[in-house]
Amino acid sequence: LTACSDTSYAMTAGDSKINAGIYIYNELTEMSYQMTMMYYQNGITKDYFDQKVDGKAFDEYLSDYALTATKEYAAIVDKFNELGLTLSDEDLKSINDSISSTWDSQGEFYEYEGISKESVKLALKGSKMRDELFDYYYAEGGEEAVSDDEMVKYLDDNYLRYKSISFAKTAASTDSSSSSTDSSTDSASAANEEAKAERDEFLEKAQGVSFDDFDSIIDEYNDYVASKNSSSAADSDSSSAADSSAASDDTSSVSDIDTSSTASDDTSSVSDSTADSSSAVDSDSSTDSSSSTPDPYANEKMMNYGTMDDSQKDTTNGKILKEVSGMSTDVATAYEDDNAYYILIKGDIKDRDTEYAKDNHEDLLKEMKSDEFQEKITSWVEKLDIKVNNKAIKRYTPKVVYDKQTEYYSKNNNS
C-alpha cells in the first residue's frame, strides 16, 4: 500500500526513479517565468490561473511543461551516460557553488515546496549535461560539427545588415475634453510634420551615400540633436534667469550668479543630449571607452529575418526588416510606422559574414541547431521506457505549488 501511494518520485526511466522534486522545480521555475512575463507584457499581478499561455489554460500549460521537461531531463541523463560523457570538476564546482548560494537565500522556501537540495542539484546537472550533449554533436570536432562555410552560408541566406535613424512621432493626448483633444491633436500633428521634415532633410543629405559612409550622416544627425537640445536647455535657463532677475532688486548679483550657472548648465545639457540622441540610432555593438579604436560596426544591426515566423514578422521590428529585405544595398530609403519616421540603408551581408560568424560562433551555432537538437531529445524520450507516477503528478499541481508559494511568503512576511 505504501508503494502504491509513493509520491516521492515523478516517474521512472528504466530502472531509475526521477525525484518528484525535479518535477516541482520545473513547474515552479516556469511558473515564475510566465508570471513575470505576464506582468511585464500586460501588467497582470493576480488571477494568473485565469490566463492562457500558448492557447492553453495556465495550469494545463504548466503541467504539460513540467512533465515534458522532466521526461527530457531523464532522457538527457540517460544519453549522457550512454555516451560515456562526464562533467568536469570545474562544472561540478560551479553547480555546487550555485546550490550553496541558492540554499542560503531560498533553501527554506524550496523545502516548503517539497523540493530538496539534491533535486535542485540534479536539475542543474541535467541542464549542464544538455549543454555538453549539444557540443558533443555540433561544436568543433563534434559528431555533426558545423563548418565555418556552413555558418557563413546560414548568415548569407537569413541575415540582414542595416543602419537606421529614427525620428519619433508624437501621439495626441487622450484627454476627454473636446477642446483639449483638438488642441493636442493639432500640436501632435505639428510636431510630426516637423519630425517628417527633419527626416526628409537628412534623407536628402544621404542620397548617394554608401552604407559605410552613412555613419557620417548619423554623426551629423547626432550633432544636430545635441545642438537642438542644448539650445532648448539654454533658452530654458535664460527664461529662468529672467524670472529671477525680475524678482530681485540686486540685478548685478543675479547677473554674476547667472553667468557661472548658465555655463555649467550648458555643458551638462550638451553631454546629456548627446547621450540621448544615440538611442535614435540602431546598433548591435558599442564602442569600448577603454579602447582607442572605435567600433566600426557601432551603428549597424545584423538581424535574422529569414527564420522569423509570421507572428514575428508582424511586429514593429519584423516590419522594418521586411522593408529592409526588399531594399537595394547602399540606397538610403524613407520608411515610417506608427512610432516614427525612419531613414534605412541596407548593407551587403557578405562584406561582414565571415568576421561576424567568427565573433558570434556560439550564439549562431545554437540558433542554427537548437531545433534539430530538440528533435534529438524528443526521439530519446520516445525510446526511453518512461512510466509516469500519476499520483505524484496529481498531488503536485500548479495550483498547489502556487498556493504553497503564497502561503510561505505570507507566513514569512516576504513577497
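Residues numbered from 1 in each chain as written. Predicted model: local features only at pLDDT ≥ 70, side-chain atom pairs only at ≥ 80, totals over all residues. Heavy atoms only, no water.

**Details of the overall build of the protein chain**
Then comes step 1: Counting its secondary structure elements, the protein chain contains 14 helices and nine strands.
Then comes step 2: The 415 residues of the protein chain split such that 36% are buried.
Then comes step 3: At a minimum sequence separation of 6, the contacts of the protein chain that also span at least 24 residues come to 70%.
Then comes step 4: For the protein chain, the exposed surface amounts to about 23,800 Å²; the carbon and sulfur share of it is 44%. (Helix = DSSP H or I, 4+ residues; strand = E, 2+ residues; numbered from the N terminus. Buried < 20%, exposed > 50% of the residue type's maximum accessible area, 1.4 Å probe, protein only. Contact = heavy atoms within 4.5 Å. Areas by Shrake-Rupley, 256 points an atom, 1.4 Å probe, with all protein chains shown as cover.)

**A closer look at the packing of helix 1 (residues 20-42) against helix 14 (residues 398-411)**
Then comes step 1: For the pair helix 1 and helix 14, interaxial distance at closest approach is 10 Å and the crossing angle is 75°. Overall, the two elements helix 1 and helix 14 adopt an arrangement that is roughly perpendicular. Residues Ile24, Glu27, Leu28, Met31, Ser32 and Met35 of helix 1 pack against Pro398, Val401, Tyr402 and Gln405 of helix 14.
Then comes step 2: Split by residue class, the contact of helix 1 with helix 14 holds seven nonpolar, two polar and one charged. (Axes fitted to C-alpha atoms, helices over the stretch in contact; angles between N-to-C directions. Parallel < 35°, antiparallel > 145°, perpendicular 65-115°, else oblique. Nonpolar A, V, L, I, M, F, W, Y, C, P; charged D, E, K, R; others polar.)

**Digging into the confidence of the model for the protein chain**
Reading predicted coordinates in detail is not appropriate for stretches of low pLDDT.
Then comes step 1: Model confidence for the protein chain is summarised by a mean pLDDT of 86, while 82% of its residues fall at 70 or above.
Then comes step 2: Mean pLDDT across the elements of the protein chain ranges from a minimum in helix 8 (residues 251-277), with 35, to a maximum in helix 2 (residues 58-82), with 98.
Then comes step 3: Below pLDDT 50 for its whole length, residues 245-283 participates in 39 contacts with residues either more than four positions away or in separate chains.
Then comes step 4: Contacts for the low-pLDDT stretch residues 285-289, under 50 throughout, to residues beyond four places or in other chains number eight contacts. (pLDDT = per-residue confidence, 0-100.)

**Quick notes on the nonpolar core**
Then comes step 1: If you look at the biggest cluster of nonpolar residues, it comprises 65 residues, and the most contacted ones within it are Phe58, Tyr159, Leu364 and Phe373.
Then comes step 2: Residue contributions to this core peak at 10 residues, all from helix 2.
Then comes step 3: Setting aside its immediate chain neighbours within four residues, Tyr159 contacts Tyr154, Met302, Met303, Asn304, Ile349, Tyr356, Leu364 and Glu367.
Then comes step 4: By size, the runner-up hydrophobic cluster in this structure holds 17 residues, among which are Ile165, Ala195, Tyr221 and Val225. (Core = buried A, V, L, I, M, F, W, Y, C linked by side-chain atoms within 4.5 Å.)

**Describing the pattern of salt bridges**
Then comes step 1: Using the criterion set out here, one finds 22 salt bridges in the structure.
Then comes step 2: For Asp97, the salt bridge is made with Lys93, and the minimal N-O distance between the two is 2.8 Å. Taken together, the residues span about one helical turn, with Asp97 and Lys93 both in helix 3 (residues 89-113) at a distance of four residues.
Then comes step 3: Look at Lys93 and you get exposed, because its relative accessible area is 52%. (Salt bridge = Lys/Arg side-chain N within 4 Å of Asp/Glu carboxyl O.)

**As for the packing of helix 1 against helix 2**
Then comes step 1: Where helix 1 meets helix 2, the closest approach of the two axes is 8 Å, and the angle between their N-to-C directions is 135°. Judged on the interaxial angle alone, helix 2 and helix 1 are oblique. For helix 1 against helix 2, the interelement crossing comes out right-handed. On helix 2, the residues that touch Ile22, Tyr23, Asn26, Glu27, Glu30, Met31, Gln34, Met35 and Met38 of helix 1 are Phe58, Tyr61, Leu62, Ser63, Tyr65, Ala66, Leu67, Ala69, Thr70 and Tyr73.
Then comes step 2: Across the contact of helix 1 with helix 2, the residue classes tally to 13 nonpolar, four polar and two charged. (Left-handed = near helix turned anticlockwise from the far one by under 90°.)

**Quick word on the layout of surface pockets**
Then comes step 1: Counted as a void, the largest pocket has a volume near 450 Å³.
Then comes step 2: Residue lining of the largest pocket: 18 residues in total, with Asn26, Tyr65, Ala69, Ser127 and Arg130 positioned closest to the centre.
Then comes step 3: Elements with a contribution of two residues or more to the lining of the largest pocket: helix 1, helix 2 and helix 4 (117-138).
Then comes step 4: When its residues are assigned to classes, the lining of the largest pocket shows eight nonpolar, six polar and four charged. (1 Å grid on protein atoms, 1.4 Å probe; cavity = no way out; pocket = protein on both sides within 12 Å on 5 of 7 lines; lining within 4 Å. Points joined across faces, edges and corners; volume = space filled by probe spheres on them.)

**Describing the environment of Leu384**
Then comes step 1: In this fold, Leu384 is placed in the loop between helix 12 (361-383) and strand 9 (386-388).
Then comes step 2: For Leu384 and Lys79, which are 305 residues apart along the polypeptide, the C-alpha to C-alpha distance reads 9.7 Å.
Then comes step 3: Once residues within four sequence positions are removed from consideration, Leu384 is found in contact with Ala13, Ala74, Ala75 and Asp78.

**Focus on the sheet that holds strand 1 (residues 9-13)**
Then comes step 1: If you walk across this open sheet you meet the three strands as 2-1-9, and the pairing is antiparallel. Every interior strand has two partners, whereas the edge strands, strand 2 (16-19) and strand 9, have only one. Put simply, the sheet's adjacent strands are angled 25° from each other on average, direction ignored.
Then comes step 2: In this structure, strand 1 lies alongside strand 2, joined through four bridges in antiparallel fashion. Note that in strand 2 the partner of Thr12 across the bridge is Lys17. (Pairing = 2+ DSSP bridges.)

**Quick look at the environment of Met308**
Then comes step 1: Here Met308 lies in the loop between strand 6 (300-304) and helix 9 (310-313).
Then comes step 2: By relative accessible area, which is 16% here, Met308 ends up buried.
Then comes step 3: As for Met308 and Asn158, which are separated by 150 residues in sequence, their C-alpha atoms are 9.2 Å apart.

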